[in-house]
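# Coordinate analysis (summary)
One letter stands for each residue in the lines below.
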Amino acid sequence: MAVGPKKVKGMPRMAYVFMPCFHCEEPWCVAACPTGAMQRRAKDGIVFVEQDLCIGCKSCITACPWGVPQWNPETGKAVKCDYCMDRVDQGLEPACVSKCITKCLHFGEASEKTKVARDRFAKEIATF
Amino acid sequence: MAGRLCAKGSAGIAMEYDYERPQHPMIRQGERGAGEWQRVSWEEAMSYISEKLKRIIQEHGGKAVALSDRGGPFRDIHRSFLRAIGSPNYFNHDCTCARNVQHAAISLFGSGRKTFNYDYKQCKHLVLYGRNVFESLRVKQANQIVELLDRGGKITYIDVRATGTAVKANRFWMLRPGTDYALNLGIIHTVLRDNLYDAAFVAKWVEGLSELETFVAPYTPEWASQETGIPAREIVEFAKEIAEDAPSVIFHPGWMKARYLNSFYESRTAYILNVLMGSIEAPGGLFFQKSPKDVGVKDLNALLDTLPKPKDKRVDGCGWKYKHFESGPGLLHLLYEAMERQDPYPIKAYIVYRHDPLLSLPDPEAQKKAMENLDLLVAIDSRYSETGWHADVLLPSATYLEKSSVLATGKGLKPQFRMRKQAIKPRNEAKPDWWIFKSLADRLRVGDVFPFSDIEEFWKWQLEGTDVRLADFQEKGFVELTDKPVWWDRMKDLKFKTPSGKIEMVASVLDENGIPSLKPYESPKKPAEGFYRLAFGRSPVHNHGNTMNNPVLHEIMPENQIWINADEAKKLGISEGDRVRVTSSDGTHSGTIRAHVTEWIHPEAVFMVHGFGRKVPWQTRGYNKGLGDYRFESGLLHVYDPAGGANALLECNVTIEKAS
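## Here we look at the overall build of chain A
Scanning chain A from N- to C-terminus turns up 5 helices and 6 strands. Sequence-ordered secondary structure for chain A, helices as α and strands as β, is β-β-α-β-β-α-β-β-α-α-α. What you see for chain A is a C-alpha radius of gyration of 18 Å, clearly larger than the 14 Å of a compact globule of 128 residues, by over 25%. Principal-axis analysis of the C-alpha atoms gives chain A an extent of 60 × 35 × 25 Å. Residues counted as buried form 23% of the 128 residues belonging to chain A. Long-range contacts, defined here as pairs at least 24 residues apart, represent 33% of the contacts in chain A between residues at least 6 apart. Taken as a whole, chain A presents about 8900 Å² of accessible surface, with 58% of it coming from carbon and sulfur.

And the structure:
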């Protein structure tokens with residue numbers, strides 16, 4: 001989501017906030033789902049909708065504090081970010097990551113990805 | 001993954017399978033633009049067109065046929081078709097794009113803007129005048145510029161509003177509309193006064209430095225400040241800062257510079273600043289694009305070169321009446337003038353290929369009036385364009401996914417040949433353009449100029465005399481003609497095609513035609529009370545005017561808004577999101593649109609994204625959504641920069657009021 005521009009030290013500055021699903025530890029959407037369509041995958045914690053089980057009651061949409069589940073008027077069911085788990089299972093990146101034009105988005109284990117940020121920060125503050 | 005697709009690229013599939021695109025040839029039944037079409041076979045359409053063309057050529061000569069396209073590397077076949085029937089009247093869209101830049105480059109270097117490309121990879125300071133690199137998006141370039149920022153390089157961005165590029169820049173100057181030229185004069189003054197230029201480079205290559213010095217003497221930073229609204233102190237600081245990074249600096253001379261009446265001079269002075277910084281053929285500056293010949297490879301064969309040049313003069317006067325205007329693609333607005341006056345001779349047929357002049361040149365109503373003198377208007381396109389809807393015959397051309405094109409040369413540090421190969425079969429009855437023009441040529445009995453039956457045969461002929469084979473394209477779709485990037489010694493080996501062999505501050509080509517090379521500055525008129533200058537630009541999710549009806553892109557951005565300065569909006573009682581009425585200066589066009597109220601646009605200007613406000617009812621998604629800047633540019637069809645030739649599209653004033 002684009003926020004701004006705001007004036008920061010006289011310059012226009014824009015924030016682009018990436019808002020996919022947080023894939024909560026204890027997702028409210030899963031608890032709210034009456035049919036078990038909304039599930040949390042045991043092996044990696046991805047929260048997803050099993051389309052065959054979804055009855056389109058919109059409970060998940062009202063339950064999520066961040067408005068992640070969306071209504072698909074064409075199917076009459078809920079959809080949400082599942083990190084493109086079909087792609088992830090094939091060893092591919094989620095579509096949003098492989099698509100990001102300027103390569104801002106990365107996908108991987110949190111422990112691995114913090115290294116990227118730490119490396120970058122180290123380069124910034126290094127003095128010679 | 002290295003390559004990325006932008007939103008428009010990803011939406012290609014949605015375009016391909018969209019039902020709302022021309023599916024079969026159609027011939028107009030009712031009045032032009034009334035939308036009463038008859039579906040016909042290709043046989044019927046082609047015989048209709050060729051019979052009309054035959055009659056026109058018989059009566060008025062081949063010169064009475066004009067054709068326009070949107071330029072690009074795949075023009076050989078349709079340009080050859082035109083030449084084969086004896087017409088010199090090839091045009092492209094460039095009078096609404098880069099003509100001023102092209103002519104600015106020719107006046108200094110003796111060759112056009114594509115002589116150079118930009119070495120963003122090594123650039124330390126990039127200066128952009130409304131060149132909105134992160135929204136008028138080229139993926140590879142955007143990444144190189146993001147990396148420039150990442151390694152500590154700087155961007156100075158100059159515009160009448162804060163774009164997606166401004167928000168990433170290190171310096172943003174929101175200047176008064178139309179005063180970029182004044183800013184450049186102030187910078188040049190400072191650079192020369194404070195000896196901030198590359199003296200060795202200038203001494204070696206520049207002709208006319210003293211004339212330049214004399215000319216800019218009155219244009220102090222303090223003077224420039226009054227014109228532009230940018231503090232003089234900042235202009236001086238900037239000049240010092242950028243000189244420190246020279247020669248790895250780029251003053252981008254612009255791309256779409258069909259803006260103001262002085263845009264030619266803005267672009268020319270940006271080029272001059274590159275020269276003063278010595279950034280020509282310097283790493284991180286502007287490099288010469290090397291051709292196959294420069295690396296010892298023969299150029300691709302071109303059909304056009306096998307045909308004699310037409311005897312008749314161009315109808316627009318480019319190259320003879322207006323000697324300082326390049327004759328290649330001419331100036332399309334002057335075609336309209338010739339159509340209106342039937343002078344120096346009548347134009348009776350106009351073939352519009354993959355181009356939409358009614359949406360890109362100003363004042364569609366004035367254009368339609370000029371078209372009344374045509375006996376035949378043919379549009380060839382893979383989508384419904386505004387011009388196609390107004391045509392006599394609409395031919396569905398294959399999309400870029402459905403056709404193979406002629407091989408293209410990519411000049412650069414590593415010159416290459418490129419192949420665009422058909423990926424899928426054309427849907428419905430669409431045909432590739434090479435087939436359309438070849439078939440027309442056959443019917444007009446000039447088919448012998450196309451001695452090939454399919455595109456592969458043509459490719460083989462293009463490659464004759466080179467060592468490159470068709471199979472070499474198999475892997476990547478392009479063949480690099482050298483392993484290493486080619487750089488020339490910038491102090492020894494540069495060649496300029498000017499009469500003097502140097503970079504000419506005072507250009508003989510302009511002088512001889514009564515056009516000043518160094519034009520005394522004239523302040524742009526302030527819009528009258530209650531009027532605003534209408535600026536337009538691009539969104540990263542739409543491709544000019546081509547994608548407003550794309551199912552996916554329409555969903556992301558269904559309509560445009562009008563940006564208006566917050567203080568001005570307050571005076572008019574307009575708040576964010578209000579519906580407002582916009583009216584052209586002569587009152588002939590008016591429409592409503594949502595307002596975007598922001599401090600990030602100059603108070604003299606309002607802005608909208610280009611390409612909306614569409615009137616083709618068969619495009620149900622884009623139909624009548626938002627407003628089209630081109631419809632407000634009434635009376636501007638013949639208003640153009642006399643030195644550069646491009647239309648002055650931003651010399652357009654509108655009024656705004658809260659819609660009732």
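Picking up where we left off.
## Concerning the packing of helix H4 (residues 76–84) of chain B against helix H17 (residues 433–443) of chain B
All names here are of chain B. It is the contact of H4 with H17, at a shortest axis distance of 9 Å, that shows an interaxial angle of 15 degrees. It follows that H4 is roughly parallel to H17 by the angle criterion. Of the two elements, H4 crosses H17, and the hand of that crossing is left-handed. When H4 is examined against H17, the residues Ile 77, His 78 and Phe 81 are found in contact with a partner set consisting of Trp 434, Phe 437, Leu 440 and Ala 441.

## Quick notes on the interface of chain A and chain B
For an interface, size is often stated in terms of accessible area lost upon the parts coming together. In this assembly, 16 residues from chain A lie in contact with 22 residues from chain B. Approximately 1600 Å² of surface area, both sides summed, lies buried where chain A meets chain B, with 57% of it carried by carbon and sulfur atoms. The largest contributions to the chain A side of the interface with chain B come from Pro12(A), Ile101(A) and Lys103(A), which together make up 34% of the buried area. Remark: the boundary between chain A and chain B carries 1 salt bridge. When the shortest N-O distance is used, the salt bridge between Glu599(B) and Lys7(A) registers 3.6 Å. Along the contact surface separating chain A from chain B lie 9 residue pairs in polar contact (both at pLDDT 80 or more).

## Thoughts on the environment of Met15(B)
Residues and elements named next belong to chain B. With respect to the helices, strands and loops of the structure, Met 15 is situated in helix H2 (residues 12–16). Of the residues examined, Met 15 reaches a relative accessible area of 21% and is grouped as partly exposed. Distance in space between the C-alpha atoms of Met 15 and Leu 553 is 9.5 Å, their sequence separation being 538 residues. Beyond its immediate stretch of four places on either side in the chain, Met 15 contacts Arg 21, Thr 399, Tyr 400, Leu 401 and Asn 550.

## A word on the packing of aromatic side chains
All names here are of chain B. The full count for this structure, using the stated rule, is 35 aromatic pairs over all chains. Ring centres of Trp 205 and Phe 496 lie 5.5 Å apart, and the angle between their planes is 75 degrees; this geometry places the pair in the edge-to-face category. Highlighted residues: Trp 205 in helix H8 (residues 199–205) and Phe 496 in the loop between strand E17 (478–480) and strand E18 (503–504), separated in sequence by 291 residues. Of the residues examined, Trp 205 reaches a relative accessible area of 7% and is grouped as buried. The buried category is assigned to Phe 496, whose relative accessible area is 7%. Geometrically, the ring pair formed by Trp 563 and Phe 607 is edge-to-face, given 5.5 Å between the ring centres and 75 degrees between the ring planes. In this pair, Trp 563 is assigned in strand E20 (residues 561–565) and Phe 607 in strand E23 (residues 605–609), connecting sequence segments 44 residues apart. An identical accessibility class is assigned to Trp 563 and Phe 607; each is buried. Through successive ring pairs, a cluster of aromatic residues spans Phe 109, Phe 116, Trp 205, Tyr 271, Phe 288, Trp 488 and Phe 496. We note Arg 161 situated over the ring of Trp 563; from NZ or CZ to the ring centre the distance is 4.8 Å.

## A word on the environment of Asp454(B)
All names here are of chain B. Mapping Asp 454 onto the fold places it in the loop between H17 and helix H18 (455–463). Residues Asp 454 and Gly 577 lie 123 residues apart in sequence; the distance between their C-alpha atoms is 54 Å. Among the polar contacts made by the side chain of Asp 454, one reaches the main-chain amide nitrogen of Glu 456 at a distance of 3.2 Å. A polar contact is formed between the side chain of Asp 454 and the backbone nitrogen of Glu 457, at a distance of 2.9 Å.

## Structural notes on the sheet that holds E17(B)
All names here are of chain B. The antiparallel open sheet is built from 3 strands, whose spatial order is E15-E16-E17. Taken across any chain shown, the strands that pair with only one partner, and hence form the sheet edges, are strand E15 (408–410) and E17. On average, adjacent strands in this sheet sit at an angle of 20 degrees to one another, irrespective of strand direction. Note: E15 against strand E16 (residues 416–418), 3 bridges, orientation antiparallel. Note that in E16 the partner of Ala 408 across the bridge is Arg 418.

## Details of the nonpolar core
All names here are of chain B. Judged by nonpolar contacts, the single largest core of 87 residues is most densely connected at Phe 109, Leu 212, Phe 251 and Leu 276. Apart from the residues lying within four places of it in its own chain, the contact partners of Leu 212 are Ile 188, Leu 192, Ile 272, Leu 276, Met 505 and Leu 518. Counting residues in each nonpolar core, the second largest holds 52 residues, with Leu 67, Ile 380, Val 406 and Trp 434 among its members.

## Digging into the state of the cysteines
All names here are of chain B. A full pass over the atoms with the stated rule returns 0 disulfides over all chains. A disulfide-free cysteine, Cys 97 has its sulfur positioned 9.6 Å from the sulfur of Cys 95, the nearest such atom. A residue is classified by how much of its surface remains accessible, and Cys 97, at 11% relative accessible area, is buried.

## Observations concerning the packing of helix H7 (residues 180–193) of chain B against helix H11 (residues 232–245) of chain B
All names here are of chain B. In the contact formed by H7 and H11, the axes pass within 9 Å of each other and the chain directions differ by 55 degrees. One finds that H7 runs oblique with respect to H11. The handedness of the crossing between H7 and H11 is right-handed. Between H7, through Leu 183, Gly 186, Ile 187, Thr 190, Val 191 and Arg 193, and H11, the contact on the second element is made entirely by Ile 235, Val 236, Phe 238 and Ala 239. A per-class count over the contact of H7 with H11 returns 7 nonpolar, 2 polar and 1 charged.

## Describing the side chain of His252(B)
Residues and elements named next belong to chain B. By secondary structure assignment, the location of His 252 is in the loop between strand E10 (249–251) and helix H12 (263–276). A polar side-chain atom of His 252 sits 2.9 Å from the main-chain amide nitrogen of Gly 254. Once residues lying within four places of it in the same chain are set aside, the contact partners of His 252 are Tyr 118, Tyr 120, Val 127, Leu 128, Tyr 129, Arg 131 and Ala 270.

## Some thoughts on the pairing of E20(B)
Residue and element names in this part refer to chain B. Within E20, 4 of the 5 residues are buried, which leaves it mostly tucked inside the rest of the structure. When E20 meets strand E22 (residues 590–598), the two strands line up parallel, connected through 5 bridges. Its bridge partner lying in E22, Gln 561 is registered against Arg 594. Here E20 runs beside E23; their pairing, made up of 2 bridges, is antiparallel. Bridge pairing links Ile 564 to Val 606 in E23.

Quick notes on the rules
- Residues numbered from 1 in each chain as written.
- Chains lettered and ligands numbered in written order.
- Predicted model: local features only at pLDDT ≥ 70, side-chain atom pairs only at ≥ 80, totals over all residues.
- Heavy atoms only, no water.
- Helix = DSSP H or I, 4+ residues; strand = E, 2+ residues; numbered from the N terminus.
- Rg over C-alpha atoms; globule rule 2.2 N^0.38 Å.
- Buried < 20%, exposed > 50% of the residue type's maximum accessible area, 1.4 Å probe, protein only.
- Contact = heavy atoms within 4.5 Å.
- Areas by Shrake-Rupley, 256 points an atom, 1.4 Å probe, with all protein chains shown as cover.
- Axes fitted to C-alpha atoms, helices over the stretch in contact; angles between N-to-C directions.
- Parallel < 35°, antiparallel > 145°, perpendicular 65-115°, else oblique.
- Left-handed = near helix turned anticlockwise from the far one by under 90°.
- Buried area = accessible area lost by both parts, 1.4 Å probe.
- Salt bridge = Lys/Arg side-chain N within 4 Å of Asp/Glu carboxyl O.
- Polar contact = N/O pair within 3.5 Å; in protein donor to acceptor, adjacent residues only side chain to side chain.
- Phe/Tyr/Trp six-rings, centres within 6.5 Å; stacked < 30°, edge-to-face > 60°.
- Lys NZ or Arg CZ within 6 Å of the ring centre and 35° of its normal.
- Pairing = 2+ DSSP bridges.
- Core = buried A, V, L, I, M, F, W, Y, C linked by side-chain atoms within 4.5 Å.
- Disulfide = S-S within 2.5 Å.
- Nonpolar A, V, L, I, M, F, W, Y, C, P; charged D, E, K, R; others polar.

Geometric descriptors of this kind do not, in isolation, establish any biological role.
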